[in-house]
Amino acid sequence: MGDVKRVLLIVSGGIAAYKCLELIRLLRGREISVRCVLTEGGAQFVTPLSLAALSGDKVYQDLFSLTDENEMGHIELSRDADLLLVAPATANLLAKMRAGLADDLASTALLATDKPVLAAPAMNVRMWEHPATRENIRDLKSRGIGFIGPVEGEMACGEFGLGRMAEPEAIAQAVAKTLESAGAPGGRLAGKRAVVTSGPTHEAIDPVRYLANHSSGRQGHAIARALAAEGADTVLISGPTQLPDPAGVLVRHVASALQMLEACEAELPADIVVCAAAVADWRVQDQPRQKLKKNGKAAVIQLIENPDILATLSKPSTSRPRLVVGFAAETQNIIDHAIGKRDAKGCDWIIANDVSPESGTFGGDTNTVHLIDEAGVEDWPTLTKDEVGRRLAERIALHLGGQGR
Ligand code: CTP
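Quick look at the structure, then. This structure is a prediction, so every number in the text was calculated from the model and none was measured.

**Description of the environment of isoleucine 137**
With respect to the element layout, isoleucine 137 can be found in helix α8 (residues 131-142). It is 9.9 Å that separates the C-alpha atoms of isoleucine 137 and methionine 97, two residues lying 40 residues apart in sequence. For isoleucine 137, the contacting residues outside a window of four places in its chain are Leu94, Trp128 and Phe147.

**Focus on a nonpolar patch on the surface**
On the surface, a cluster of nonpolar side chains totalling about 340 Å² of accessible area is made up of Leu211, Trp282, Ile301 and Leu303. Tracing the backbone through its elements, the reader meets tryptophan 282 in strand β15 (residues 282-284). By relative accessible area, tryptophan 282 is classed as partly exposed at 46%.

**Examining the sheet that holds strand β12 (residues 233-238)**
Strands sit in the order β13-β12-β9-β14-β17-β18-β20-β21 across an open sheet of eight strands; the sheet is mixed. The strands lining the two open edges of the sheet, one partner per strand, are β13 (250-253) and β21 (376-379). Sheet twist, expressed as the average angle between the axes of neighbouring strands with direction ignored, equals 20 degrees. Here β12 runs beside β13; their pairing, made up of four bridges, is parallel. From the neighbouring strand, serine 238 faces β13, where its bridge partner is histidine 253. Packed onto the sheet, helix α10 (residues 218-229) meets β9 (193-198), β12, β14 (272-275) and β17 (323-330) and runs at close to 165 degrees relative to β9.

**Re the nonpolar core**
Ranked by internal contacts, the top residues of the largest apolar core, which has 32 residues, are Leu9, Leu85, Ile171 and Val175. Among the secondary structure elements, those contributing two or more residues to this core are β1 (5-11), α1 (19-29), β2 (32-38), β4 (83-89), β5 (117-121) and α9 (168-181). Counting residues per element, this core draws most heavily on α9, which supplies six residues. When sequence neighbours within four positions are dropped, the list of residues in contact with leucine 85 reads Val7, Leu8, Leu9, Ile10, Leu23, Leu27, Leu118, Ile148, Ile171 and Val175.

**Let's talk about the site of the ligand**
By nearness alone, 14 residues border the ligand, and Cys275, Ala277, Asp281, Lys341 and Lys345 come closest of all. Contacts to the ligand include isoleucine 309, whose backbone N or O atom sits 3.0 Å from a nitrogen atom. Its free accessible area being 570 Å², the ligand has 77% of it covered by the protein chains. Of all the elements in the fold, those that place two or more residues in the shell around the ligand are α12 (309-314), β17 and α13 (334-345). Of all the elements, β17 adds the most residues to the shell around the ligand, at four residues. The class makeup of the residues in the shell around the ligand is nine nonpolar, one polar and four charged.

**Let's talk about the pattern of salt bridges**
Counted according to the given criterion, the structure contains 26 salt bridges. Arginine 79 is the partner of aspartate 114 in a salt bridge, and the nearest nitrogen-oxygen pair spans 3.6 Å. Of the two residues, aspartate 114 sits in the loop between α6 (105-112) and β5 while arginine 79 sits in helix α4 (residues 74-79), which places them 35 residues apart along the sequence. For arginine 98, the salt bridge is made with aspartate 139, and the minimal N-O distance between the two is 3.4 Å. In this pair, arginine 98 sits in helix α5 (residues 91-99) while aspartate 139 sits in helix α8, placing the two residues 41 residues apart along the sequence. A residue is classified by how much of its surface remains accessible, and aspartate 139, at 23% relative accessible area, is partly exposed.

**Observations concerning unusual backbone geometry**
Each neighbour pair has its own omega, and for alanine 87 with proline 88 the value is -5 degrees, a cis peptide bond. Relative to the assigned elements, proline 88 resides in strand β4. The linkage connecting leucine 268 with the following residue, proline 269, adopts the cis geometry, with an omega of 5 degrees. Looking at where proline 269 falls in the secondary structure, it is placed in the loop between α11 (257-266) and β14. Phi is positive for glutamate 31, close to 65 degrees, though the residue is something other than glycine. Secondary-structure assignment places glutamate 31 in the loop between α1 and β2. Taking the relative accessible area as the measure of exposure, glutamate 31 reaches 61% and is therefore exposed. Here asparagine 333, not a glycine, exhibits a phi torsion of approximately 40 degrees, which is positive. Among the structural elements, asparagine 333 can be located in the loop between β17 and α13.

Calculation rules
Residues numbered from 1 in each chain as written. Predicted model: local features only at pLDDT ≥ 70, side-chain atom pairs only at ≥ 80, totals over all residues. Heavy atoms only, no water. Helix = DSSP H or I, 4+ residues; strand = E, 2+ residues; numbered from the N terminus. Contact = heavy atoms within 4.5 Å. Patch = residues over 30% accessible without salt bridge, like charges linked within 9 Å, V, L, I, M, F, W, Y side chains within 5 Å. Areas by Shrake-Rupley, 256 points an atom, 1.4 Å probe, with all protein chains shown as cover. Salt bridge = Lys/Arg side-chain N within 4 Å of Asp/Glu carboxyl O. Buried < 20%, exposed > 50% of the residue type's maximum accessible area, 1.4 Å probe, protein only. Pairing = 2+ DSSP bridges. Axes fitted to C-alpha atoms, helices over the stretch in contact; angles between N-to-C directions. Core = buried A, V, L, I, M, F, W, Y, C linked by side-chain atoms within 4.5 Å. Near = heavy atom within 4 Å. Polar contact = N/O pair within 3.5 Å; in protein donor to acceptor, adjacent residues only side chain to side chain. Nonpolar A, V, L, I, M, F, W, Y, C, P; charged D, E, K, R; others polar.

Here it is, written out as structure tokens:
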């Protein structure tokens, strides 16, 4: 039984609470044990008896219950789990989570935890779109809380839109994936801090236009997820992408190269830096404050070079990260150019990859890379970007002397 993962399921007060019963069944079917905390609101929609019957465990409801505190205090309740899942997560509970309120057992367990937290919001579309909820979600995401849904559909209140809780199967899948990659305290990179850049940067031309590139951010996000799975305390500095924030990783969202550099520097010191972002090489000099107007003539935009983030972080100093890894996006003479880039930028390793349109790397699922370090060139087979991330995290763990789980 030692390897069975444990989820603390917090059921708050929404009509979607009935879907939790199916969710518990699906989680247990995946060999994940479930213990439930039911809020006062949640108990209006689902009974403790049905949760207890399906989870096969006691259901906890009261912060100040003497018997509960004796058996399992609220701190132990959250510490004993490998992951906390809030489903359904009401607008109210999300607001409490953001504010750090602890006025019932559910919010107290959420404040006391040091484990990954996933939330499956469910609410009326207007509540979901309200600026207060938007800000709460943005803030919770930036603290590393993972979100599943909501999805679009018909709601119990008769309206249609975004706000329905994700289906139990999707939630169960997300839980299983997060448990697989959760920053395990026993991971080989436990105690190490990693900073990863990912995605493109957007360089404003004027207040409404920008310069960008085709990077999807998939490789950088996969690396951040894999480093967290090895136990590293991981911060992902992400340019604008369409990707969800990986659970268990703290994500800082930026737009331009200058912002990305500033965000990276603010996260130092770190043991590991991986620069996977496709940083724009130039930005517009003297950016106009107003929208540029056509005047029948050719438009001239003066570009100046952006700072090189990888080279800046690789500079020798007492606070230089122990391992700095860069990428070399090339379309020809891949290895030669990448070796030159490693020398020029002063990083320890460089991952060379072919980004010519024929390779399908930009935006695709796979990547064919070569790892270049001082010892030479290692050719990796074509792998999915997730696998490249895992293999790189493993290499990093071995290099930094990880002991294995
Ligand atoms: N990089 C960076 N900051 C920049 C430009 C690049 O941190 N301003 C990093 C990338 O994240 C990557 C590495 O440098 O890890 C190489 O990026 P790449 O685009 O391949 O090379 P460039 O330095 O931009 O050179 P060129 O475009 O001339 O090939």
